Structure formats: structure tokens, C-alpha cells
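Structural description and commentary
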Amino acid sequence: MKISVIVCAAGKGERAGFDRNKLLVPFMGANALYYTVAGINRLVPLLERNGDSLGELIVTATPRDMAEITAVCAPFVGKTVEGGSTRTESVYNALKCVTGDIVLIQDGARPFTSVEQYIACIESVKEFGSGVTAMPSTDTVVVANDGWIDNIPVRNTVFAVQTPQGFYSKDIKAAYDRAMADGGEYTDDGSVYSRYISPARICPHGSAANRKLTFKEDFEGLEANVVSAVKTDGCAIGYGVDVHAFGKKQDFIMLCGVKVPCDEGLIAHSDGDVALHAVMDAILSAAGLRDIGRYFPDSDPAYRGADSGELLKKVVELIGERGYVVDGLSIAVQAEKPRLSPHIDGMISRVQQLTGASRERVAIAAGTCEGLGYVGEKRGICVYCVAALKNK
């Protein structure tokens, strides 16, 4: 059978508290969406072994994130469609593009779903007509009414619903047609199917590992938008990381304030200088300030195409108001392309000029990922920075 997969990525991620879509913030050297779609791509050989095929990958996106999400998904032969104001509308829009016999619907914020869970969901659809990945509850669950316990379901009948959720395409399309006509809003697809078609079948292969990244603390310890600081007498040390995807139609990238020839540019609201963005976050965190999204939000048209070097100067002014100057910077660039070694000296000089740090206290290392992962597959660039500040 032909299997279609929809990935829901059109949310704003407001509960996570980031200044951008949580699926696109730096995460383990890439972003959460990358790991979600890469996990789906690993299904291909398993499906072929079962006589099935991965027909299409459809990812929903807001207009604001369309270019970046398209770039992340393009190597996986993915199609990006505009989502709606609710999850229900987004899935409905994506279903219009589905051509497979079976469709799986997956949260973009579940990057740890295993191939076994996808396969189990497909097999459930073949046997029962639907498959809703779920995990048996380990806690007692209550139903409350106005703050009072109204009902206590038997624990072994209660499941925590996850994704993927699978259905025969014709059935779930019909269910969503009726749901949209009725104007209802649903938080998952099994609810839509159960209301308009028949009770959805639980696929009890959910797990704690298949968690959804919802709040900022869900990302903590997993290297997403890492910002931390260590302070000693007269000195402060901060850490920052940023990542941007290739996909902009231009013949250069900006890196550490230097124009570097490249066959494509980096997608960003500003000039896309991923290195200076990491530098700014490291400096701000060392001074106990918020990340650059707080001071230069990408929702502000004033920063569209902004020179990151000029923004870095403002960051240096901000820490100056707290009595700090930049003492040293260690910048590590992970990039499979372009070749950076001819530009390192110029990059060091420019960073030194922008921050006021002495040249011998600015170090830039450039390396590849040996063809592995998001960076190794030439999908983007990831930069890490450690900044040391000192009192004026």
C-alpha cells in the first residue's frame, strides 16, 4: 500500500516561550522538525520490505515559517502546505494533498518516535481500520467538575494519546470534511475519526520516550536554544548556539560579519549570520540577559534583512550598561559547505572589531560533520560559542 505522512508543524509554540516556532529553534545540532522528518524517512526500507511504499511527506507550516520548513523538508522529498489557525484546519488542508491509501498524522514536536511505532500504527490500520498510538496511564486519572472530582476512571482503561495516528485516507478525509462543516476543533485525529466514522482503535505502542516537546523545560538538557552562564569574581562565562537552514536563493552567506561565497544562502529574518547570532546569545547569557529574540524579534519588520554586525554592536552596548566588556570568544562552526579556512582570519578580525575583544582572545574553529546528520547532509550550519566577559 501507499503510505502518506502528514507532519503538523504550523503551530506557534507559544507555550514553549520561544520567540519563534519551537520546531525550528536550535536542537541537538539541528532542530526538532529535522529529527521528526528524518525519523519518517527511515521508514522507507521497512515499508518496502512489507510491500508498501512511502508515497509522500506533507508538512504544514505558517506563512512566516514556510521558507525555512520547506528547506528542512526538501531533502526528504517533502511537500509543504500552508496550515490554518487551528490544528484541525491545518490537518484538513494537508489531507487535500494526500494520495496514499493510508495516512499517518504526526506531531512535528515528537522527534523521538521510533520506526517500530510507525509500523505498528500502519499494521493497526490494516487490521482494524485505524490506529491511535497511545501509552497506558501509570497514574490515577480523575474527571473534575468545577474543581471537584466527578469521576475516577479505572486506571487500566485510561491511555495517554500520542502520535502517529493512522487511518485509511478516504475515511479520515470524510471525517474531517464533516468536522470542518460543523466548525468543531479537535486536539487529535482519533477524536475526529471516532465522532464521524467509528471508535478509533488504540495502538498500545506508545512510550514515555515518544514525548512531545511542549514547554521550554522539555528542551532543557537537550541543547535547544542553550543559554547558560557561569560567574566568578569579575568574570562571567556564557554559552550560545544557533542554527540556520540553507535554501535562500543567493550566492553567499554572512558568517562572523564576512561575506563568504556559497551556492545558496541561509534562511533567516535578518542577514542570516548564524555565527554572530550564537555570539550574541553567548554574550547576553553571560551578562544574565535574555536571548537575542527578546531584543531583536524576528516578528519585527525593522529587523528584516538586518546587519547582524550592527545588532552585535547593540548587544555590546547592552552588556556595557551592566558593567561588562567582552574578554574572549571561542566560536565553533559546523558546516559541510562552504569551505571556510580561507576566511577564518577575516572572520576573527571582524569579530574583534565588533566586540572590542583583543584579537588573541578570539578563536574560530571550523569543522564538518563527516557527512552525518543535518549539517553533514548540507542542510544547514550550526554554530556554538562560549563568551567570557570581564568587568570594565
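Our subject in this report is the structure included herewith. As the structure is a computational prediction, the values presented were derived from the model and not from experiment.

**Notes on the sheet that holds strand 9 (residues 202-203)**
- With mixed pairing, seven strands are arranged side by side in an open sheet as 3-2-1-4-8-5-9. At either end of the open sheet lies a strand with only one pairing partner, and these are strand 3 (78-82) and strand 9.
- Strand direction decides the pairing type here: strand 1 (residues 2-8) and strand 4 (residues 102-107), joined by six bridges, are parallel. Looking at strand 4, one finds that Val-7 is bridged to Gln-106.

**Quick notes on unusual backbone geometry**
- In this structure, Pro-164 follows Thr-163 across a cis peptide bond, with omega equal to 15°.
- Its place among the elements puts Pro-164 in strand 8 (residues 159-168).
- Cis geometry marks the peptide bond from Lys-337 to Pro-338, where omega comes out at -10°.
- By the secondary structure assignment, Pro-338 is in the loop between strand 15 (324-334) and helix 12 (344-355).
- Positive phi values are uncommon outside glycine, yet Cys-256 reaches one of about 55°.

**Re the environment of Gly-129**
- Within the fold, Gly-129 resides in the loop between helix 5 (115-128) and strand 5 (130-136).
- Distance in space between the C-alpha atoms of Gly-129 and Ser-270 is 47 Å, their sequence separation being 141 residues.
- The residues contacting Gly-129, other than those within four sequence positions of it, are Ser-124, Phe-167, Tyr-168 and Tyr-193.

What counts, and where the lines are drawn
- Throughout, residues of each chain are indexed from 1 in the direction in which the sequence is written.
- The model is predicted, so local features are restricted to residues of pLDDT at least 70 and side-chain atom pairs to those at 80 or more, both for listing and for counting; the totals for chains, interfaces and linings are taken over all residues.
- Heavy atoms from the whole structure form the basis of all side-chain values; hydrogens and water molecules are not counted.
- Here a strand pair is declared whenever DSSP counts at least two bridges between the two strands.
- A run of H or I in DSSP becomes a helix once it reaches four residues, and a run of E becomes a strand once it reaches two; helices and strands are each numbered from the N terminus.
- Throughout, a contact is declared for two residues whenever any of their heavy atoms are within 4.5 Å.

By themselves, these observations are geometric and do not establish any function.
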